[in-house]
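Close look at the chain arrangement
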Amino acid sequence: MARTEELIREVETYSARNYNPLPVVIERGEGVWVYDVEGRRYLDMLSAYSALNQGHRHPKIIQALLDQASKVTLTSRAFHNETMGPFLRQLCELTGYGKALPMNTGAEAVETAIKAARKWGLIRKGVPENQGEIIVCENNFHGRTVTIVSFSSEEQYRYGFGPFTPGFVLVPFGDAAALEQAITPNTIAVLAEPIQGEGGVLVPPQGYLAAMRELTKKHNVLMMLDEIQTGLGRTGRLFAYEYEEAKPDVLILGKALGGGVYPVSAVLASEEVLGVFGPGDHGSTFGGNPLGAAVAKAALEVLLEEDLPARAQELGSYFKGRLHALDSPYIREIRGKGLLIGVEIKPEYGSARPFCERLMREGLLCKETHDQTIRFAPPLVITKEELDWALERIEGVLGA
Ligand SMILES: *Cc1c(COP(=O)(O)O)cnc(C)c1O
């Protein structure tokens, strides 16, 4: 314990306190398991908010990283590199989009999509300069930059960080009628998550995404889906929009695109949309770098070769079934799709945090989101046996 406490004290001394982690210090990870500095083993039920869909240190992804690291790691976009083309071709062929723009973090990809939409609004739709409006949903989470928190409905995400970027209109999530009402001649885009992960694993009513698709088409508005957390197999399909055949004009990816190894994000769209960028309009020193591209290409191959979306679908249904069968007195609601599962604790039993702490003592790493909800999102490479191991412990903590 001494070493754990020492390392935590060091972080508390030198790190800004912008997180409130559970008191575990991880030393090593492999597959669905992580080991702390005391040698204890835990099953990772958070997967770095779905960045670890392929599991910790997937051998194929690590091999791609090592191979590329022994050749060249960074060129900047001032020059071409050998790996970006094959990666983007694979990504576009897989998703059916004509163009991709590679970035690093999720927030950067969201910012990129916003910039693309604004310029598209000006030069393609003919909305007057600086008048374009983007409709967003209450309870959204799209990252932490000033522009992104400008349209958050979460007071804590905004407090103290103004002045904010204008041009965003909030509507209730899941309400297609409210969405249509908010559309004006200056609306250029709708930006939404297919399932709100950080918001507490909130699943919109069936038909919402299809209605969004129809309304945006009808009003010549771009539909932009942030699948940074829901995408790449997590919800039981390659992308969550597939449940409603609501393919967006702009698809934003991150997290698992880098296989839990390296930050890689991307914006996917048509030439009509991403073609608004000319040289010098937008960029990133590290975006599309050879190391990230090699890693992301391997990360995509792992998803396909191991059929991880189907695994998430099958094991997610099983997981939810066992949670329902538990008939827990503490649980108010079980939500989610695939292996993105939210368990909301009844307020009379306090917040979800003490449950996460108890699960940690049982060897499961979970994190509360929005106080009342435990998010269960293990790596998609989890086996049925490993999931059963986790469920026994969850049943111990959440059972009567
Ligand atoms: C995590 C997340 C982001 C932000 O990604 P970062 O890599 O942390 O910047 C944006 N949107 C959604 C839906 C996310 O889950």
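Right above here is the structure, for reference.
What you see is a predicted model, and the numbers here were worked out from it, not measured in a lab.

Among the structural elements, Met223 can be located in strand E8 (residues 222-226). With a relative accessible area of 0%, Met223 lands in the buried category. Taking the C-alpha atoms as reference, Met223 lies 5.1 Å from Pro248; in sequence the two are 25 residues apart. Excluding its chain neighbours within four sequence positions, the residues that come into contact with Met223 are Val190, Leu209, Met212, Arg213, Thr216, Ala246, Pro248, Asp249 and Val250.

Moving on, we come to the sheet that holds strand E3 (residues 41-44). Taken together, the 4 strands give an open sheet; going across it, the order is E1-E2-E3-E13, and neighbouring strands pair in mixed fashion. Sheet topology places strand E1 (26-30) and strand E13 (364-365) at the edges, where each strand pairs with a single neighbour. As paired elements, strand E2 (residues 33-36) and E3 share 3 bridges and run antiparallel to each other. Of the residues in E3, the one forming a bridge with Tyr35 is Arg41.

Once that is clear, we can look at helix H5 (residues 106-125). Between its first and last C-alpha, H5 extends 26 Å over 20 residues, near the 28 Å set by a 1.5 Å rise per residue. Listed in full, the buried residues belonging to H5 are Gly106, Ala107, Ala109, Val110, Glu111, Thr112, Ala113, Ile114, Ala116, Ala117, Trp120 and Gly121. Immediately beyond the C-terminal end of H5, within one or two residues, lies Gly126, with a positive phi of roughly 85°.

What counts and what doesn't
Residues numbered from 1 in each chain as written. Predicted model: local features only at pLDDT ≥ 70, side-chain atom pairs only at ≥ 80, totals over all residues. Heavy atoms only, no water. Helix = DSSP H or I, 4+ residues; strand = E, 2+ residues; numbered from the N terminus. Buried < 20%, exposed > 50% of the residue type's maximum accessible area, 1.4 Å probe, protein only. Contact = heavy atoms within 4.5 Å. Pairing = 2+ DSSP bridges. Expected span 1.5 Å × (residues − 1).

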